[in-house]
Amino acid sequence: MDESRWVGARVARIDAEDKVTGRLKFMSDLSFPDMLWGAVLRSAYPHALIKKIDTSKAEAMDGVVAVLTHRDVPGLNGFGIVVPDQPVLCADKVRYMGDAVALVAATTKEGAREALQAIDVEYEPLPVVDDPEEAMLESSPRVHADGNIHHHIKVERGDVDAAFRDAAVVVENTYYTPRQMHAFMETESGVATIDEDGNITVWCGSQHPFRDQLQIARALGMNPRKIQVVSTPAGGAFGGKDEITVQIYLALLALRTGRPVKIVLSREESVVAGMKRHPMKIRMKTAAAADGTLLANEVRVVGDTGAYASLGGPVVNLAIEHSCGVYRMPNVRLEGFCVYTNNGLAGAFRGFGANQVVFALETQIDMIAERLGMDKLEFRRKNALRQGDVAALGHTMTASVGTIATLDAASRCEIWARREELKAMPSAPHKKRGIGIATELHGCGLGVGLPDYGAATIELLPGGRFAVGVSCPEIGQGNTTAFAQMAADSLGCSVGDIVMVSGDSRHTLDSGTSTASRSVYTGGNAIRSAAARMREILADVAAEALGAAREEIAFGRGGVEVRSCPAGAARRLSYREIARIGEGKGRHLKAEGDFIWPVADRGLEGYFGLPHLIYSYITQVALVEVDTLTGEVEVLRAVSIPDPGRAINPAGIEAQSEGGVVMGMGYALMEDTVIEHGITKTPNFSTYIIPTALDAPEIETIIVEEPEPSGPFGAKGIGEAVCVPITPAITNAIHDATGVWITHIPATAERVYMALKEHA
Amino acid sequence: MSPRKPGYVVPETLAEASEFLREHAEDARIIAGGTDVLVQLRRRGRAGGEHPRWLVDISRIPGLAGVSTDSGTISIGAMTTHEEIARSPIIRKGGPLLAEACASVGSPQIRARGTIGGNIMNASPAADTIAALAVLSTRVRLSDRMGTRDILITDVFVGPYKTSAQPGEVLMEVYFDALAPTCGSAFVKLGRREALAIARLSCAVVIERDDAGRVTRAAIAPGACLPMPARVESAEEMLVGKVPDEAAVDAAAREVAEEMVRRTGVRWSTDYKRPAVEAITRRAIWRALGVNVE
Ligand SMILES: Cc1cc2nc3c(=O)[nH]c(=O)nc-3n(C[C@H](O)[C@H](O)[C@H](O)COP(=O)(O)OP(=O)(O)OC[C@H]3O[C@@H](n4cnc5c(N)ncnc54)[C@H](O)[C@@H]3O)c2cc1C
């Protein structure tokens, strides 16, 4: 068993046909008889006290079935993955323009939106806090009563001051990163239904049905068992649907009206109310010895989490963990602040704090290499952590480490190997070409101190197919296809014999989130555990039916046979036959499997989630061309070299890699949600600019595999890393082309032009 | 208080349309491809503003569609889409820079719906066709039930998003003299990305030269950076009569940038826009001269 027939193959996505034909229903496509439309009244100010809410006019409107305010929240009026500091419906204060003040359910969508305008809310505006560093001052107005510093982390190892004193090279810079938007195609949307017994089902694309169930139950003051959450499939998430979005609103409205209720956020509402990537200001001071050995890193990160915490604390923690990247860094002083402001909301986003600090660090690394006259790739190779090394946070790198393998592959890729030649052939005299490289490691899973487990179910269905249940939702990343491949190889059947059940709190066991580059590793291990138990059950049934001993039963393709069976004797049973036998005996052929993540040998007291044990590794290389007259930057080619441990589905890895490159390129060159005095200035895709297909470079993905023994078939995660080092690879390429260092992204044409001018 | 949904009328003739438009002056809005109108309606709806009471669909009025040519004059009906213009052999020969401008608009979907009439009458400073039409010395025909007036494209505009059209007037067509084979032209656009990019800056250029290579006529119009579309004659004059060399082209390009600053004043964005306008103007002039400096 466990021969790799499906694992490692370029299997077509199991949902491909339904997606391309449009047959697949996302939650925002669902309709139910008698369904109402819900709408959310958002705040009129970025920061204000609520003096009065009068809903009487709205309630009297035709077609309006319910209007709810904070008074109608039966349970805890708050949610939040770490601390429930975000009100479901604001009672006395609003802290950003996306704050929800009231809900309406009406017979039409238009009617619901009109009713919002008939709700009178009296506000007393408060001063807006929009600069995170100012927000940290005692004298600043407070977004939350206990102060604006939500979280502070400080880690020190070695003797940083001595290292800086003795270093041959010290570089110190300040970096600024933008408020990137997830830009998923499906906005935060869903439907809730309720049955006669008051059981509620919330259909809403998200990243963790069981935590949603808990947060909904808490707000409704209801037994979680009475609430089912279905969160697969989601039309994109990228971290932006990890926190509660519209689930509680839906459940509240269904509970009040007794009818199905649907909410679909408009794009503008999604941009204003939804999650973003933390803008960060990063001060980084890095030292190296004359021979190119890295000596020390001093880092100070200030992250703008906006009005509520959500995962802001863990994001800053992970920024600290990733701030020394793949390098041996014996002396570190790392400090991070997660700060409340009235600037929207920031939380989980693919990369989770690494994107910002890796941009800073990989720029520092290039600067140091250049100062020492060393090759940039060799400098990285020299300082990279190897298996067995102690990482910056003090834990030992015992799991598989892929940096060297990805750097080796990078050194051979065409745009790196031929860089001088490619550089010398710009498409016009006023254009300059450059090649940049960057690398990172990326923590998989939740880290030390957080419960991190997986569970799976396998059931033999009457026709001989297997239903495999894993709760980690399909958010477009393709995990259900990878699960089916791993299940097929674990059971000796084909992918077509697997029916995946995903993201459903009633029909799957809790396997945690589809976040943190964890779902393939977690779900895969749980599937293997369940498959082993399933095989025992099948062997039992078959042994009895064939009159053989258990030990004589062997698994082949699509069924079992009796070992050492005399030729000619029909002593084989297909899974279909076993299913029939089981059915005849009234036996339910179902197995459960579970898995608990291994963690690092050492945690950091007070900072849960740090550090990680298993990391994915990736090196990315970019070839850019800079128009020196206008500052425009074009990424011509990119090479992406991920180490996913084992590529369960190489086609899936390539899709992740390509999407990640374009996402990281948008971050490098164009994306930023501009908020001024608490007001979003880029509320739609006409002003929030993301790369289009025509902007995407030619992308080559080279997969290197450093198998992770604890992973299913050797796999670890890869979903996040793919969008991280490409950003500094591009900005380093801009430097290679022009001599200008980019420390403020996005590197828009203006910024690049101004930097060129200053440099000249 | 809540935005009403506008009524939708589809007149069969110009007279009918014009009558209706005049009668409902402030309350009615022409809709062609709708790619500007619908965005504006939605935006206004969200801001709690009033919608026009009526949308007047002019697609059935005869004579508004297509590209034609007659004794050296090229006419384009107001309802002709960007896609049609970009593909039109007549335009590609007699006004290739207009084909370039239309091909740079939005995305395939937008080009398939958006019309040249809508692009002009929306009067956005960033509209891609306007600078191109300006250097072709295009005239536009505005008609109502009383009659017709033909004016120069640059006289259509009285301010950003404001035209001199009177209630009841419909833009029927635009026309210009086909460029002679001795003419070179170019349209260059600077956007924030490669597609679906509203011009941050653009420049349209037409240059005609005699056998000796001397410039006999030059037309230069920057786009998206002037309060109202216009040619920059002071820059054009710097080229006329010369066999253009680097110095002459640089001087003309610099003059366009200076003219922009004179007309708009110095703003926070000037530090970037001045050199950028200069760069793309220089590029457009060279391309019109047949030298690709992409
Ligand atoms: C996603 C997107 C991308 C875009 N990209 C670009 C771009 O790159 N470059 C660019 O220039 N534009 C762009 N636009 C704007 C728009 O598509 C163009 O201006 C288009 O040409 C408008 O034509 P329309 O037929 O859709 O006009 P409509 O929206 O129907 O009308 C626009 C205006 O003109 C008036 N009008 C229309 N026809 C007439 C007529 N015959 N007589 C009198 N008045 C009339 C209408 O009343 C209205 O005020 C974009 C729009 C969108 C939504």
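In this text, all values refer to a predicted model and were calculated from it rather than measured experimentally.

K.L.:
Now, about the overall build of chain A: what can you tell me, with residues and values included?
P.N.:
Regarding its fold elements, chain A presents 20 helices and 30 strands. Against the 2.2 N^0.38 benchmark of 27 Å for 760 residues, chain A shows a C-alpha radius of gyration of 27 Å, consistent with a compact globule. Taken over the C-alpha atoms alone, chain A extends approximately 85 × 75 × 50 Å along its principal axes. When the 760 residues of chain A are sorted by exposure, 64% land in the buried category. The contacts of chain A with a sequence gap of at least 6 include a subset with a gap of at least 24, amounting to 80%. Accessible surface computed for chain A: about 26100 Å², of which carbon and sulfur atoms make up 50%. Of note, chain A has its 74 positive side-chain charges centred 2 Å away from the centre of its 95 negative side-chain charges.

K.L.:
Let's hear about the domain arrangement of chain A: which residues, and what values?
P.N.:
All names here are of chain A. Partitioning chain A into structural domains gives domain 1 (16-23 + 453-596), domain 2 (31-126 + 188-264) and domain 3 (280-385 + 398-447 + 602-759). Centre-to-centre separation of domain 1 and domain 3, based on C-alpha positions: 39 Å. Contacts between the two partners involve 15 residues from domain 1, matched on the other side by 20 residues from domain 3. Taking both sides of the interface into account, the surface hidden between domain 1 and domain 3 amounts to around 1300 Å²; carbon and sulfur atoms contribute 61%. Per-residue buried area on domain 1 facing domain 3 is highest for A516, S517 and Y521; these three make up 45% of the total on that side. At the junction of domain 1 and domain 3, the tally comes to zero salt bridges. The tally of links from domain 1 across to domain 3 stands at six residue pairs in polar contact (both at pLDDT 80 or more). Among the secondary structure elements, those contributing two or more residues to the side of domain 1 that touches domain 3 are α15 (479-491) and α16 (519-546). With six residues, α15 is the single largest residue contributor to the side of domain 1 that touches domain 3. Grouping the amino acids of the side of domain 1 that touches domain 3 by side-chain chemistry returns five nonpolar, seven polar and three charged.

K.L.:
Describe the site of the ligand, listing the residues and the values that go with them.
P.N.:
Residues and elements named next belong to chain B. Around the ligand sit 32 residues in total, of which I30, T35, D36, H82 and T115 are the nearest. A distance of 2.7 Å separates a nitrogen atom of the ligand from a polar side-chain atom of D128. Between the ligand and the protein, one listed contact pairs an oxygen atom with a side-chain N or O atom of K189 at 3.2 Å. Surface burial for the ligand is 89%, taken as the share of its 980 Å² of free accessible area covered by protein chains. For the shell around the ligand, the secondary-structure elements that each account for two or more residues are β2 (28-31), α2 (37-46), α7 (116-122) and β10 (170-177). A class-by-class count of the residues in the shell around the ligand yields 16 nonpolar, twelve polar and four charged. Two domains each put at least three residues into the shell around the ligand: domain 1 (1-179) and domain 2 (183-288).

K.L.:
I'd like a rundown of the sheet that holds strand β20 (residues 466-470) of chain A, residues and numbers included.
P.N.:
All names here are of chain A. Within the open sheet, the four strands sit side by side as β21-β20-β19-β25. Their pairing is mixed. Of all strands in the sheet, those with a lone pairing partner are β21 (498-502) and β25 (590-596), marking the two edges. For this sheet, the mean inter-axis angle between neighbouring strands, taken without regard to orientation, is 20°. Across four bridges, strand β19 (residues 453-460) lies against β20 in antiparallel orientation. Residue pairing in the sheet places E459 in a bridge with A467 of β20. Those strands touched by α16 are β19, β20 and β25, and its axis lies near 140° from that of β25.

K.L.:
Tell me about the sheet that holds β10(B), residues and numbers included.
P.N.:
Residue and element names in this part refer to chain B. The five strands are arranged β4-β5-β10-β6-β7 in an open sheet whose pairing can be described as antiparallel. Where the open sheet ends on each side, the last strands, each with one partner, are β4 (67-70) and β7 (147-152). Neighbour-to-neighbour, the strand axes of the sheet open up by a mean angle of 25°, direction not taken into account.

K.L.:
Help me get a handle on the interface of chain B and chain A, residues and values and all.
P.N.:
Each partner contributes residues to the interface: chain B has 21 residues there, and chain A has 26 residues. Buried area between chain B and chain A, both sides added, is near 2100 Å², and the carbon and sulfur share of it is 52%. Taken as a group, R193(B), E194(B) and Y272(B) account for 27% of the area that chain B buries against chain A, more than any other trio of residues on that side. In this assembly, chain B and chain A are joined by three salt bridges. Elements that contribute at least two residues to the side of chain B that touches chain A include exactly α2 and α11 (270-288) of chain B. If you tally residues by element for the side of chain B that touches chain A, the top one is α11(B), at eight residues. Residue classes in the side of chain B that touches chain A are distributed as nine nonpolar, two polar and ten charged.

K.L.:
Could you give me a rundown of the state of the cysteines, with the residues and numbers involved?
P.N.:
Under the criterion given, the structure shown has zero disulfides over all chains. Cysteine C723(A) is unpaired, with the sulfur of C444(A) as its nearest cysteine sulfur at 13 Å. For C723(A), a relative accessible area of 2% corresponds to the buried category. Just so you know, C183(B) is unpaired, no disulfide at all, and the nearest cysteine sulfur is the one on C203(B), 16 Å from it. By relative accessible area, C183(B) is classed as buried at 15%.

K.L.:
So what about the packing of aromatic side chains? Which residues, and what values?
P.N.:
On inspection of all chains with the given rule, the structure shows ten aromatic pairs over all chains. Ring centres 5.7 Å apart and planes at 70° place the aromatic pair Y753(A) and Y272(B) in the edge-to-face group. On the criterion of chain membership, the pair formed by Y753(A) in helix α20 (residues 749-759) and Y272(B) in helix α11 is interchain, its members lying in two chains. Y272(B) carries the same exposure label as Y753(A), and that label is buried. Through a chain of ring-to-ring contacts, the aromatic side chains of Y521(A), F595(A) and W597(A) assemble into a single cluster. For the cation-ring pair, R277(A) lies above Y667(A), with the distance from its terminal atom to the ring centre recorded as 5.2 Å. Geometry around F713(A) places R528(A) over its ring, the cationic atom sitting 5.0 Å from the centre.

K.L.:
Got a sec to walk through the nonpolar core? Specific residues and values, please.
P.N.:
All names here are of chain A. Counting residues in each nonpolar core, the largest one holds 81 residues, and the members touching the most others are I282, V624, L669, I730 and I734. Ranked by residues supplied to this core, first place goes to helix α10 (residues 354-372) with ten residues. Excluding residues within four positions of it along the chain, V624 makes contact with K432, R433, G434, V633, E634, V635, L636, I730, A733 and I734.

K.L.:
Describe in detail unusual backbone geometry, supporting the description with residues and values.
P.N.:
Residue and element names in this part refer to chain A. The peptide bond linking T232 to P233 adopts the cis configuration, its omega dihedral lying at -5°. Looking at the secondary structure, you find P233 in the loop between β11 (227-230) and α7 (247-257). With omega at 0°, the peptide bond leading from I745 into P746 counts as cis. With respect to the helices, strands and loops of the structure, P746 is situated in the loop between α19 (726-738) and α20. Its identity is not glycine, yet D34 carries a phi of approximately 70°, on the positive side. As for its placement among the helices and strands, D34 is situated in the loop between α1 (16-21) and β1 (36-42). Within the chain, H677 stands out as a residue other than glycine whose phi angle is a positive 50°. Note on placement: H677 falls in the loop between β28 (675-676) and β29 (679-680). Assessed through its relative accessible area of 59%, H677 is described here as exposed.

Scoring rules and cut-offs
Per chain, residues are indexed from 1 in the order of the written sequence. Here chains are named by letter from A upward and ligands by number from 1 upward, in the order in which they appear as written. Residue-level local features of this predicted model are given only where pLDDT is at least 70; pairs of side-chain atoms are given and counted only at 80 or more, and the full residue set underlies all totals for whole chains, interfaces and linings. Side-chain numbers here rest on the full set of heavy atoms in the structure, without hydrogens or water. The helix count covers DSSP runs of H or I at least four residues long, the strand count covers runs of E at least two residues long, and both are numbered beginning at the N terminus. Only the C-alpha atoms count toward the radius of gyration. The rule for a globule is 2.2 Å times the residue count to the power 0.38. Throughout, exposure labels follow a simple rule: accessible area from a 1.4 Å probe, protein chains only, divided by the maximum for the residue type, with under 20% read as buried, over 50% as exposed, and the rest as partly exposed. Pairs of residues are marked as contacts when any of their non-hydrogen atoms sit within 4.5 Å. We get accessible surface area from the Shrake-Rupley algorithm with a probe of 1.4 Å; when it comes to residues, only the shown protein chains can shield them. We score Asp and Glu as negative and Lys and Arg as positive, and we do not count His or the chain ends. In this description, the location of a charge corresponds to atom NZ of lysine, CZ of arginine, CG of aspartate or CD of glutamate. The split into domains, and so the bounds of each, comes from an automatic or database assignment of domains. As a working definition, buried area equals the accessible area (1.4 Å probe) given up by two parts on being put together, with both sides summed. Salt bridge, as used here, is a side-chain nitrogen of Lys or Arg placed within 4 Å of a carboxyl oxygen of Asp or Glu. Polar contacts here mean pairs of N or O atoms no more than 3.5 Å apart (in protein, one a potential hydrogen donor and the other a potential acceptor; neighbouring residues in sequence count only if both atoms are side-chain atoms). Residue polarity follows a fixed list, in which Ala, Val, Leu, Ile, Met, Phe, Trp, Tyr, Cys and Pro are nonpolar, Asp, Glu, Lys and Arg are charged, and the others, Gly among them, are polar. Here a residue counts as near a molecule or strand whenever at least one of its heavy atoms sits within 4 Å of it. Pairing between strands requires that DSSP locate at least two bridges from one strand to the other. The convention used is that axes are lines fitted to C-alpha atoms, helices contributing only their stretch in contact, and that angles between N-to-C directions extend from 0 to 180 degrees. Criterion for a disulfide: a pair of cysteine sulfur atoms at a distance within 2.5 Å. Planes of paired rings set the category: under 30 degrees apart is stacked, over 60 is edge-to-face and the rest tilted, where pairs are Phe, Tyr or Trp rings (Trp by its six-membered ring) whose centres lie within 6.5 Å. Whether a charge sits over a ring depends on NZ of Lys or CZ of Arg being within 6 Å of the ring centre and within 35 degrees of the ring normal. Among buried residues, the Ala, Val, Leu, Ile, Met, Phe, Trp, Tyr and Cys ones that are joined through side-chain atoms within 4.5 Å form a nonpolar core.

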